[in-house]
Amino acid sequence: MPPFTLETTQWLPRQPEEIFFFYADAFRLEELTPPLLRFQVVTPPPIEMTAGVEIDYRLKLHGLPLKWRSRITVWEPPHRFVDEQVKGPYRRWVHVHRFAPQDGGTLVKDYVEYDMLGGWLADRLLVRNDLRRIFDFRRERLAEIFG
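Residues numbered from 1 in each chain as written. Predicted model: local features only at pLDDT ≥ 70, side-chain atom pairs only at ≥ 80, totals over all residues. Heavy atoms only, no water.

Let us look at empty space enclosed by the protein. One way to see where empty space is left: roll a probe the size of a water molecule over the atoms. Across all of its chains, the model carries one cavity of 30 Å³ or more by this definition. There is about 70 Å³ of room inside the largest cavity. Taken together, Thr8, Thr9, Gln10, Tyr23, Val108, Asp110, Phe135, Arg138, Arg139 and Leu142 form the lining of the largest cavity. Contributions of two or more residues to the lining of the largest cavity are made by β1 (4–12), β7 (105–115) and α3 (119–146). The biggest single contributor to the lining of the largest cavity is α3, with four residues. (1 Å grid on protein atoms, 1.4 Å probe; cavity = no way out; pocket = protein on both sides within 12 Å on 5 of 7 lines; lining within 4 Å. Points joined across faces, edges and corners; volume = space filled by probe spheres on them. Helix = DSSP H or I, 4+ residues; strand = E, 2+ residues; numbered from the N terminus.)

Here you go:
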């Protein structure tokens, strides 16, 4: 079975370089994640974002504590980067972030391929709704920060 996917787009009224380098600070992910998840970067600063760097996180999902490690597999400032789960709750997690100039601002595109234990049933009952809430929160926060 092919992996599940999630795609989002958002236009922000700032240049790609500014938006990309906001993301280049791994600790910004804490403020882009809903407080309910109690998301925390545990890799000590400074984290030099580049291809190959691995970052450890801690969070709670539905009250369960989780550890997550991601690796930046592609780093192409200010256009794109890719993070992939090395350890964590998913069988597969590949998140492509793209930043393209558009109408005097930046079109931010997120594309996620994921798979997990429980397949389509887990996706339908839990995962897809959780991911939508997380990405909706992120969209709102980015609009507040850059709007």
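What follows concerns the packing of aromatic side chains. Within the structure shown, the criterion is met by 17 aromatic pairs. Ring geometry for phenylalanine 20 against phenylalanine 99: centres 5.3 Å apart, planes inclined by 80 degrees, an arrangement best described as edge-to-face. Here phenylalanine 20 is found in helix α1 (residues 16–23), whereas its partner phenylalanine 99 is found in strand β6 (residues 92–102), with 79 residues between them in sequence. Each member of the pair, phenylalanine 20 as well as phenylalanine 99, is classed as buried. Feature note: the residues Phe20, Phe21, Phe22, Tyr23, Trp75, Phe81, Phe99 and Phe146 constitute an aromatic cluster, connected by ring pairs. Arginine 138 extends its terminal NZ or CZ atom over the ring of phenylalanine 135, reaching a point 5.0 Å from the ring centre. (Phe/Tyr/Trp six-rings, centres within 6.5 Å; stacked < 30°, edge-to-face > 60°. Buried < 20%, exposed > 50% of the residue type's maximum accessible area, 1.4 Å probe, protein only. Lys NZ or Arg CZ within 6 Å of the ring centre and 35° of its normal.)

So, about the layout of surface pockets. Its volume calculated, the largest pocket comes out at about 860 Å³. Lining the largest pocket are 38 residues, with Leu59, Trp68, Tyr90, Trp93 and Leu131 sitting closest to its centre. Elements that contribute at least two residues to the lining of the largest pocket include exactly α1, α2 (28–31), β3 (54–61), β4 (64–76), β5 (80–87), β6 and α3. At eight residues, the largest contribution of residues to the lining of the largest pocket is made by α3. Partitioning the lining of the largest pocket into residue classes produces 28 nonpolar, five polar and five charged. Its boundaries defined by the atoms lining it, the second largest pocket holds a volume of some 230 Å³. Lining the second largest pocket are Pro34, Leu36, Leu37, Arg38, Lys60, Leu61, His62, Gly63, Asp130, Arg133 and Ile134. For the lining of the second largest pocket, the elements supplying multiple residues, two or more each, are β3 and α3. (Nonpolar A, V, L, I, M, F, W, Y, C, P; charged D, E, K, R; others polar.)

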